[in-house]
Amino acid sequence: MNACSTAPTLSTETDKQIDRVIEEYKDEPSPLLEILNEVQHIFGYLSDDMLIAISEKLSIPTSQVYGVATFYSLLSTRPKGKHIIRVCESAPCHVMGSESVLRAVKDELGIDLGETTPDGLFTLESTSCLGICSVGPAMMVNDRVFGNLTREKVRLILRRYAKDKEASVS
Amino acid sequence: MAAVQLKPEQEVAMATLTIDGHSVTVPEGTTVLEAAKKVGITIPTLCHHPDLPPQGICRLCVVEVEGSFLLQTACTYPVKDGMKVRTNSPLVRESRRTTVELMLARGDHNCPTCPRNQNCELQTVAESLGIREIPFQVLRHPRPKDMSSASIVRDPEKCILCRRCVAVCQEVQGVGILFPVGRGFATEITTPLDRNLSEVACVNCGQCVLVCPVGAIYEKDDTNRVWEALADPSKVVIVQTAPAVRVSIGEELGLPPGSITTGKLVSALREMGFDKVFDTDFTADLTIIEEGHELLQRMKTGGTLPMLTSCSPGWIKFIEHYYPELLDHVSTCKSPQQMFGALAKTYYAQKAGIDPKDIYSVSVMPCTAKKFECTREEMCGESGPDVDVVLTTRELGRMIRQMGLDFANLPESDYDDPFGISTGAGVIFGATGGVMEAALRTVYEVVTGKTLPSIDFHPVRGLEAIKEADVDLDGVKVKVAVAHGLSNAKVLLEQIKRGESDYHFIEIMCCPGGCIGGGGQPIPTTMETRAKRIRATYEADRSLPLRKSHENPAIKKLYSEFLKEPLGEKSHELLHTTYRRRPLFQQRI
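Residues numbered from 1 in each chain as written. Chains lettered and ligands numbered in written order. Predicted model: local features only at pLDDT ≥ 70, side-chain atom pairs only at ≥ 80, totals over all residues. Heavy atoms only, no water.

A. Quick look at a nonpolar patch on the surface. Together, Leu102, Ile134, Phe136 and Val138 of chain B make up an exposed nonpolar region whose accessible area comes to about 310 Å². Within the secondary structure, phenylalanine 136 of chain B sits in the loop between helix H3 (121-128) and strand S6 (152-154). (Patch = residues over 30% accessible without salt bridge, like charges linked within 9 Å, V, L, I, M, F, W, Y side chains within 5 Å. Areas by Shrake-Rupley, 256 points an atom, 1.4 Å probe, with all protein chains shown as cover. Salt bridge = Lys/Arg side-chain N within 4 Å of Asp/Glu carboxyl O. Helix = DSSP H or I, 4+ residues; strand = E, 2+ residues; numbered from the N terminus.)

B. Fine view of the interface of chain B and chain A. At the interface, 29 residues of chain B touch 19 residues of chain A. Between chain B and chain A, roughly 1800 Å² of surface is buried when both sides are summed, and carbon and sulfur atoms account for 65% of that area. It is Phe179, Arg183 and Leu193 of chain B that lose the most area in chain B upon contact with chain A, and together they represent 32% of the buried surface on that side. Between aspartate 48 of chain A and arginine 195 of chain B there is a salt bridge whose closest N-O contact spans 3.2 Å. Taken together, the links from chain B to chain A amount to 4 residue pairs in polar contact (both at pLDDT 80 or more). Elements that contribute at least two residues to the side of chain B that touches chain A include exactly strand S7 (179-181), helix H10 (313-322) and helix H16 (486-497) of chain B. Classifying every residue of the side of chain B that touches chain A gives 13 nonpolar, 7 polar and 9 charged. (Contact = heavy atoms within 4.5 Å. Buried area = accessible area lost by both parts, 1.4 Å probe. Polar contact = N/O pair within 3.5 Å; in protein donor to acceptor, adjacent residues only side chain to side chain. Nonpolar A, V, L, I, M, F, W, Y, C, P; charged D, E, K, R; others polar.)

C. Layout of the nonpolar core. With 86 residues, the main nonpolar core has Leu36 of chain A together with Ile177 and Trp315 of chain B as its most contacted residues. Among all residues touching tryptophan 315 of chain B, those that are not within four sequence positions of it are Leu308, Thr309, Leu486, Leu493, Ile508 and Cys510 of chain B. Core analysis: the second largest hydrophobic core is formed by 35 residues, Met436, Ile455, Val460 and Ala469 of chain B among them. (Core = buried A, V, L, I, M, F, W, Y, C linked by side-chain atoms within 4.5 Å. Buried < 20%, exposed > 50% of the residue type's maximum accessible area, 1.4 Å probe, protein only.)

D. Molecular detail of the packing of aromatic side chains. Here the structure, examined in full by the defined rule, presents 12 aromatic pairs over all chains. When the ring of phenylalanine 71 of chain A is compared with that of tyrosine 72 of chain A, the centres are 5.0 Å apart and the planes differ by 80°; the resulting orientation is edge-to-face. Taken together, the ring pairs in this structure connect Phe278, Phe282, Phe340, Tyr347, Tyr348, Phe419 and Phe562 of chain B into an aromatic cluster. The ring of phenylalanine 71 of chain A carries the charged tip of arginine 183 of chain B above its face, separated from the ring centre by 4.4 Å. (Phe/Tyr/Trp six-rings, centres within 6.5 Å; stacked < 30°, edge-to-face > 60°. Lys NZ or Arg CZ within 6 Å of the ring centre and 35° of its normal.)

E. Structural context of the sheet that holds strand S10 (residues 236-241) of chain B. All names here are of chain B. The sheet built from 4 strands is open, its strands ordered S11-S10-S13-S16 with parallel pairing. Two strands bound the open sheet, and with one partner strand each, they are strand S11 (276-279) and strand S16 (389-392). On average, each strand axis in the sheet is tilted by 25° relative to the strand beside it, whichever way the strands run. Two strands pair when backbone bridges link them, and S10 and strand S13 (residues 359-365) are joined in this way by 6 bridges, in the parallel orientation. Each residue of the ladder has a partner; that of isoleucine 238, found in S13, is serine 361. Helix H6 (residues 223-230) contacts S10, S13 and S16 of the sheet and is inclined by roughly 120° relative to S16. (Pairing = 2+ DSSP bridges. Axes fitted to C-alpha atoms, helices over the stretch in contact; angles between N-to-C directions.)

F. Spotlight on the domain arrangement of chain B. Residues and elements named next belong to chain B. Once the domains are mapped, chain B shows domain 1 (14-88), domain 2 (103-219) and domain 3 (223-574). The C-alpha-based centres of domain 1 and domain 2 are spaced at 26 Å. Each partner contributes to the interface: domain 1 provides 11 residues, whereas domain 2 provides 15 residues. Here domain 1 packs against domain 2, burying approximately 1000 Å² in sum over the two surfaces, 75% of which is carbon and sulfur. Across the domain 1-domain 2 interface, the total number found is 0 salt bridges. Run the count over domain 1 and domain 2 and you get 3 residue pairs in polar contact (both at pLDDT 80 or more). Residues belonging to the side of domain 1 that touches domain 2 are distributed by class as follows: 7 nonpolar, 4 polar and no charged. (Domains from an automatic or database assignment.)

G. Just the pairing of strand S1 (residues 83-88) of chain A, in detail. Residues and elements named next belong to chain A. For S1, the buried fraction is high: 6 of the 6 residues fall into the buried class. Alternating positions in S1 separate into two faces, His83, Ile85 and Val87 on one and Ile84, Arg86 and Cys88 on the other, with burial throughout. Where S1 and strand S2 (residues 122-127) come together, 6 bridges link them in parallel fashion. Each residue of the ladder has a partner; that of cysteine 88, found in S2, is threonine 127.

H. Broad picture of the sheet that holds strand S4 (residues 144-146) of chain A. Residue and element names in this part refer to chain A. One open sheet holds the 4 strands; their spatial order is S2-S1-S3-S4, and the pairing between them is mixed. Lying at the two open borders of the sheet, with one neighbouring strand each, are S2 and S4. Mean inter-strand twist for the sheet, computed between neighbouring axes without regard to direction, equals 25°. Across the face of the sheet, helix H6 (residues 98-109) comes into contact with S1, S2 and strand S3 (139-141) while running at roughly 155° to S1.

Here it is as structure tokens:
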């Protein structure tokens, strides 16, 4: 239905980028998830205005778009830090001491699960199995996986990311 | 809508199965739930609703099917020939009990303070399973109630995530304002972007309230405001009752669905202390005169056609949000409730010699959307809101119970003058097709100057999704259509948008079945109870001496004394209104 447009306060550039993503995925069997994933990839998260725009462009109720965006843990409706830390919470890592790893991250950054540091640098999340159980406990920082973690290793890794604010940790 | 819909001409394979040792033969594809009913076994359900598609979400209806490793949900499991089903094994009982215990362990299920106490499906099921304690730690999910809407309250703490409200909002009403959000224990049913109900494009129809099995969605309770007004000696408290309330208030108070209790309703309201008891049917008749003349004027002067009816406030809010480009099609007539409100504080106040500021105007409606309608700024006169407060049928029932009145044995009494005289045409406003039929009865006679050969317009009656008819007005052909439920309305609106609509006049009622199926009506309201209330409505119409709006003597008097002529200056000032484009989200400041 061609509903009354709510004229979200998106910039023209953002709007155009969303149009391009929709154009790319619109013929997929279920385009919504692909589109949300790609838009999040570009902007880091899915803002209310982006969700409204996607809903209008696809003629899917906003309630449904919002429902999908909040169902998947890899999609986020809130802005996140520059670096996203995901500590594995699955059983094999748990046995190898993932709780102590998680505590080390919390102590080092002073934030709890789901929170972002005040400087906007780090967001802490948990994740289900990363598939590298042989080197547990494990965590991911952005797209990189780290295994055989100890409290000391966690501190070193985080300090390296914190130092390099440009995010190009090699 | 039954779970199984079969075309009569189709050859259907039959399946014979046993359920708890009883043999039963049903068409293949029937669900185990339906088949069990045939042998007198009621399998408990929560997410299942007779008028909605089966979902298999709540897992309460699980049964053992021989040869199947897992328990199966009876509401979705199709029968097969030779199947053996057990609905009452220890495993089944244990599973059902755990399911309910887990529901009770999440959120707030404190029955005595719940609006659905004694009419709650979760309570009934917990009782029948004999649950006396909750073996799990109760985890609250502290979420404030959403009290932002003028019509509806949402209490997420009572929600059991059955998703019936989601289905009715999306499938039946085509609105889609409610949807599950989040996952796992954090799952909630909420609005788009988790906004307050008053900030999103909810139309206030209350169909979600009717299908909610628990107390998670309910009407905003305004009974205390009315008690306060009744206790205030400085106020003249008047009340109007909608056409659909007379065929449902009895049901709310324990009588069978379809009981007509007009006279008892009037007596009860007098007992409660209302100074005058009036009938919205009177202004339904008035609506017909104004709307009928508006239709004829549009046809004569090349106005926008088809004209769409405007009595149903949920429908009005829907078109304002979702099809604002078609607002010129909507009749400018206020709804009967609001015509009544405007006249009560002008014409009636003058006639009775009362200062309009001392009048407190209450209306009893089958409708939650009416609560919002009376707060619209267009519905305010010089002395405040035209209608001060709207009660639903359920709230009036609650007040009558508080009074301790024996409703079934109350004497019958008549409405007060001057807004107490009405016709059968006013009564049938409560059913889908009724406004159209009432309009045709009047328009035909006004145009042709002849008496109708038969007063009953059967093609516009009944629960069919979209009905249409051609009427010959002495050579002038009028093509009409009727839709109830907003998904059906959308079909006709899309036709208009494509320029393919050749109707002159379309009646739209927001709720399935019309007002008798409104969101303020007794719970449960199903297609079955709707049909009974509709039957009662036409019976009430037949029993009245006057059945055409233009024959109402009080209406004639109103025009000669006050309004002068249909669509005249006074009418435009008091009885007509304007509409506006509404956004899908209210801007946050």
